[in-house]
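Reading the structure
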Amino acid sequence: MKKYRKLIIAAIIALIFIGTFVFLWQKSQPKEIVYNEFTPEKVDIQKTTIITGKIEPRDEVNVKPQISGIITELYKEPGDHVNMGDVIAKVKVIPDMGQLSSAEMRVRLAEINLKQAEIDFKRDENLYQQKLVSAADYDKSRQTFNQAKHEKLAAEDALQVVRDGVSKSNAKASSTLIRSTISGVILNIPVKVGNSVILANTFNDGTTIATVANMNDLIFRGNIDETEVGQLVNGMAMKITIGALQDLKFDANLEYISPKAVESNGANQFEIKAAVKLSEGGKIRSGYSANAEIVLAKADKVLSVPESAIEFSGDSTFVYVVKGEGKQKTYERKAVTTGLSDGVNIEIKKGLTTKDKVRGPEIITDDAKNE
């Protein structure tokens, strides 16, 4: 019994040894390399680039007050549509004390001059009725009296403007009423009732009451790399994609290319602008991030192969043409002239026909990956 047990154990060890030897021998054998193979085809090739930017209104203005004061009323909200001249807010004037004193002094002087002119006119009128003064002197006195009355009215108007920002004579054109300077949509009202505002002058830009834009005339603004800007010309068609609107697309036409580059992250970028063509019912908000796809070059119905089948060597390009079948298959290196590439397919201008077959990249099996 013990003798048979020893034989069985020896047989098992022998089988394990032989199996291991066979496995290692098979693994050491060179495996056949299999390649992808492609037949040249005639296709349309386009070289495109994607430009990142955002959507903006072409006309966007900041509405500012013509006087300094405090906001007492706001008649509009962001999102409201306004026409040119519509009132957005009302301002209560905070008068400048120096200007107020000067205006009050002007009124007092006007009252004194008017009172004296009235006395002189009545005296000359009596003398004229008694024929003791000439008609010329009488007319001159009356003219002086009328001028004094008008001067008093003008002084009172000036005082009202300085004190209240509006006078009886210009109530319709009051500078206390802040009006929109264009027709469009109110994008933002950065002030609240009670805020102090100042008018624009030499020393500051003034307080913005509202930002108004024409949302029916939009542009795409983005930057393109210096390596591609030379291929752009005004009028080129673009496709604008807005991801926030479920990949909604719009057509656009390039209308501006900056003549000067701006450095961004170590690269020179040129600003571009394109007029966006809105579809009916399309509603876009200012500031949406967008991508613009633009065709830099195109070639229709040209012979092409996958770019992965091309071997680049210096300024030359080569392919490996398949010769023979089965075990007799060989690959002949052949020079070709290439053209436009879209990153996947590349144009073959010379060196191949549709009857040829070229070698592509090696097919990687799962076993090879595991190794």
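The structure we're discussing is the one just above.
Quick caveat, the model's predicted, so the values are computed rather than measured.

What to know about the overall build of the protein
Along its length, the protein carries five helices and 20 strands. Here the protein, with 371 residues, has 29% of them falling under the buried criterion. Nonlocal contacts in the protein, meaning residues at least 24 apart in sequence, comprise 72% of its contacts between residues at least 6 apart. Accessible surface, the protein: about 24300 Å² in total, of which carbon and sulfur atoms supply 51%.

As for the nonpolar core
Formed by 26 residues in total, the largest nonpolar core has its most connected members in Ile 55, Phe 220, Met 238 and Ile 240. Of all the elements in the fold, those that place two or more residues in this core are β2 (41-57), β11 (218-225), β12 (237-242), β13 (248-264), β14 (267-277) and β15 (289-306). When residues no more than four places from it in sequence are discounted, the contact partners of Ile 55 are Leu 218, Ile 219, Phe 220, Ile 240, Ile 242, Val 276, Ile 284, Ser 286, Gly 287, Tyr 288 and Ala 290. Counting residues in hydrophobic clusters, the runner-up holds 17 residues, among them Ile 88, Ile 189, Val 191 and Val 197.

What to know about the sheet that holds strand β10 (residues 210-213)
Pairing in this open sheet of four strands is antiparallel, and the strands run β3-β10-β8-β5 from one edge to the other. The open sheet terminates on both sides in strands that have one partner only, identified here as β3 (60-63) and β5 (81-82). Pairing of strand β8 (residues 184-188) with β10 involves three bridges; the strand directions are antiparallel. From the neighbouring strand, Asn 188 faces β10, where its bridge partner is Thr 211.

Looking at the side chain of Asp 356
One can find Asp 356 in the loop between β19 (345-350) and β20 (358-362). For the buried Asp 356, which has no salt bridge, the nearest side chain bearing the opposite charge is Lys 334, at an N-O separation of 4.7 Å. At a separation of 2.9 Å, a polar atom in the side chain of Asp 356 contacts the main-chain amide nitrogen of Thr 353. Residues within four places of Asp 356 in sequence aside, it is in contact with Phe 38, Thr 39, Pro 40, Val 321 and Gly 351.

Some points on the packing of aromatic side chains
Taken as a whole and judged by the stated rule, the model has two aromatic pairs. The interplanar angle of 25 degrees and the centroid separation of 5.8 Å between the aromatic rings of Phe 121 and Tyr 138 together place this pair among those described as stacked. Here Tyr 138 lies in helix α3 (residues 135-164) and Phe 121 lies in helix α2 (residues 97-129), a separation of 17 residues in the sequence. Tyr 138 matches Phe 121 in its accessibility class, with the two residues each being buried. With 5.4 Å between their ring centres and 10 degrees between their planes, Phe 121 and Phe 145 make a pair best called stacked. A residue pair is termed long-range when its members are at least 10 positions apart, and Phe 121 in helix α2 and Phe 145 in helix α3 qualify at 24 residues. With a relative accessible area of 11%, Phe 121 lands in the buried category. Ring pairing ties together the aromatic residues Phe 121, Tyr 138 and Phe 145, which thus form one cluster. Geometry around Tyr 331 places Arg 359 over its ring, the cationic atom sitting 5.1 Å from the centre.

Things to note about the pairing of β13
Note that β12 and β13 share six bridges and pair antiparallel. Along β13, the bridge assignment pairs Met 238 with Ala 252. Of the pairings in the sheet, the one linking β13 to β14 comprises ten bridges and is antiparallel in character. Paired with Ile 257 across the strands is Ile 272, a residue of β14. Here β13 hands over to β14 after two residues, with Asn 265 in that stretch at a positive phi of 55 degrees.

About the cut-offs
Residues numbered from 1 in each chain as written. Predicted model: local features only at pLDDT ≥ 70, side-chain atom pairs only at ≥ 80, totals over all residues. Heavy atoms only, no water. Helix = DSSP H or I, 4+ residues; strand = E, 2+ residues; numbered from the N terminus. Buried < 20%, exposed > 50% of the residue type's maximum accessible area, 1.4 Å probe, protein only. Contact = heavy atoms within 4.5 Å. Areas by Shrake-Rupley, 256 points an atom, 1.4 Å probe, with all protein chains shown as cover. Core = buried A, V, L, I, M, F, W, Y, C linked by side-chain atoms within 4.5 Å. Pairing = 2+ DSSP bridges. Lys, Arg positive; Asp, Glu negative; His and termini not counted. Salt bridge = Lys/Arg side-chain N within 4 Å of Asp/Glu carboxyl O. Polar contact = N/O pair within 3.5 Å; in protein donor to acceptor, adjacent residues only side chain to side chain. Phe/Tyr/Trp six-rings, centres within 6.5 Å; stacked < 30°, edge-to-face > 60°. Lys NZ or Arg CZ within 6 Å of the ring centre and 35° of its normal.

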